[in-house]
Amino acid sequence: MTTDPSGVSTSVDQSTLILGIETSCDETAAALVMGGHDVVSSVVSTQIDLHARYGGVVPEIASRAHLDTLNPVVARAIVEAGIAESRIDAVACTVGPGLIGALLVGVAAAKSFALAWDVPFVAVNHHEAHLYSAFLEDPNLQFPLVVMLVSGGHTMLIEMRGHGDYRLLGRTVDDAAGEAFDKVARFLGLGYPGGPAMDREAKRGDPTAIAFPRAMLHEGLDFSFSGLKTAVMNYVRKHPDVSSQDVAASFQQAVVDVLVAKARRAAREVGATGLVLGGGVAANSLLRDRFLLACQEDGLRGFLPSLAMCTDNAAMIAAAGWYRLRSDGPSGLDTGASPNLRLFD
Ligand code: KG4
Ligand code: ZN
């Protein structure tokens, strides 16, 4: 039993039903999750079509779209779950990191629901939520785990020693892996969002066609992807007739080789029992195959969230919210949106 400063007491157990809300970037999402892992409903409304013509997310458009869409998305999550609002025990919401205007929409709505329903509000760090997407499929993961978080904004290797107990092992020193996918896709004219487009294009190309660099492959646990991006651009400028499928396949192979090599090294160094993949780039088909193969070869348990749980969604927010509520109790209603919120100092 935990008690928040306003006196709301919360008992967190397997029947605790949490409404998760996510509006940090370009997906408006709501989900109901019981006991931190049982997804009762999950609704994601993507804004991809609104941003596509600009080649990236336009913050002002994102905020306005969240404002229009959030209430219907929450209503649908509740209707799909087939429950009454009164059954909801807490409301968890991403408070950061993300686009400030986009975050504010979700945070204001989540606090209003919590206040109106007289249930706790739980502030969730978006990165911590990505770590928890694997627990949606298997709540009994054994620690220590190494989590590789690969998204549009981050590439991190994290040792997870227990719930809420993390240590940063390595991170990108420049571009995130997803950012490199997006920038190369844009350069090749493959459109937005870049990662899935590159994944599709690469399926028809030869991954050995071009020997792109694998930066820092044999050094430590940090990553660097900006040199690879520049190498792709230089190569295409020099060879304008090259097949974009071969470029996409060779680029993707270089990224995956580095990600998998570092994840294995990290697991070895900390004596992890398993490796977990999280973040939007975890949807990449080659990365998923190679990651599981590496886990098999190294005798590690490999955990891959389903495709829907890799990219931004609210089920992972509700799951992380369940663990946060259990360990820290409710967050104050004065908690604000925090666009630069970090998982590590
Ligand atoms: O975690 P996420 O949904 O949003 C944040 O950045 O927090 O990740 C989005 C990133 C984008 O860079 C997108 O291009 C990448 O994930 N991504 C992919 C694939 N699907 C999404 N990258 C490579 N292959 C994919 N299939
Ligand atoms: Zn994300």
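Residues numbered from 1 in each chain as written. Chains lettered and ligands numbered in written order. Predicted model: local features only at pLDDT ≥ 70, side-chain atom pairs only at ≥ 80, totals over all residues. Heavy atoms only, no water.

(A) The layout of surface pockets, seen in detail. Taken as a whole, the largest pocket holds about 1300 Å³ of empty space. Of all the secondary-structure elements, those providing two or more residues to the lining of the largest pocket are strand E5 (38-46), helix H4 (126-137), helix H5 (177-187) and helix H6 (194-202). In terms of residue count, the dominant contributor to the lining of the largest pocket is H5 (six residues). When its residues are assigned to classes, the lining of the largest pocket shows 14 nonpolar, 19 polar and eight charged. Shared between two domains, the lining of the largest pocket takes at least three residues from each, and those domains are domain 1 (2-132 + 310-328) and domain 2 (143-272). Roughly 220 Å³ of internal volume is contained in the second largest pocket. In terms of lining residues, the second largest pocket is bounded by 15 residues, among which Ala 123, Asn 125, Glu 128, Arg 324 and Asp 328 are the most central. (1 Å grid on protein atoms, 1.4 Å probe; cavity = no way out; pocket = protein on both sides within 12 Å on 5 of 7 lines; lining within 4 Å. Points joined across faces, edges and corners; volume = space filled by probe spheres on them. Helix = DSSP H or I, 4+ residues; strand = E, 2+ residues; numbered from the N terminus. Nonpolar A, V, L, I, M, F, W, Y, C, P; charged D, E, K, R; others polar. Domains from an automatic or database assignment.)

(B) Highlighting the sheet that holds strand E3 (residues 17-22). If you trace the five strands from one edge of the open sheet to the other, you get E5-E4-E3-E6-E7, paired in mixed fashion. Looking at the sheet topology across the chains shown, the edges are occupied by E5 and strand E7 (121-125). Averaged over all neighbouring strand pairs, the angle between strand axes comes to 20°, with direction disregarded. In this structure, E3 lies alongside strand E4 (residues 27-34), joined through six bridges in antiparallel fashion. Paired with Leu 19 across the strands is Leu 32, a residue of E4. Relative to E7, H4 is tilted by about 95°, and along the sheet it contacts E3, E4, E5, strand E6 (90-96) and E7. The strands touched by helix H11 (residues 315-328) are E3, E4, E5, E6 and E7; relative to E3, the strand with the most contacts, the crossing angle is about 125°. (Pairing = 2+ DSSP bridges. Axes fitted to C-alpha atoms, helices over the stretch in contact; angles between N-to-C directions. Contact = heavy atoms within 4.5 Å.)

(C) Layout of the domain arrangement of the protein. Examined at the domain level, the protein breaks down into domain 1 (2-132 + 310-328) and domain 2 (143-272). Domain 1 puts 15 residues into the contact, and the matching count from domain 2 is twelve residues. Taking both sides of the interface into account, the surface hidden between domain 1 and domain 2 amounts to around 1100 Å²; carbon and sulfur atoms contribute 67%. Per-residue buried area on domain 1 facing domain 2 is highest for His 127, Leu 131 and Tyr 132; these three make up 46% of the total on that side. At the boundary of domain 1 and domain 2, one finds four residue pairs in polar contact (both at pLDDT 80 or more). Where the side of domain 1 that touches domain 2 is concerned, the elements lending two or more residues are helix H1 (48-52), H4 and H11. A per-element tally of the side of domain 1 that touches domain 2 places H4 first, with five residues. (Buried area = accessible area lost by both parts, 1.4 Å probe. Polar contact = N/O pair within 3.5 Å; in protein donor to acceptor, adjacent residues only side chain to side chain.)

(D) Focus on the coordination of the zinc ion (ligand 2). Surrounding the zinc ion (ligand 2) are the protein donor atoms His 126 (NE2), His 130 (NE2) and Asp 312 (OD), which sit 2.1 to 2.2 Å from the metal. Along the chain, the residues donating to the zinc ion (ligand 2) are arranged with the sequence spacing H-x3-H-x181-D. Of the two residues, His 126 is situated in helix H4 and Asp 312 in the loop between helix H10 (307-310) and H11; the sequence distance between them amounts to 186 residues. No difference in accessibility class separates His 126 from Asp 312, as the two residues are buried. (Donors = N, O, S within 2.8 Å, 3.2 Å for Na, K, Ca; no water. Buried < 20%, exposed > 50% of the residue type's maximum accessible area, 1.4 Å probe, protein only.)

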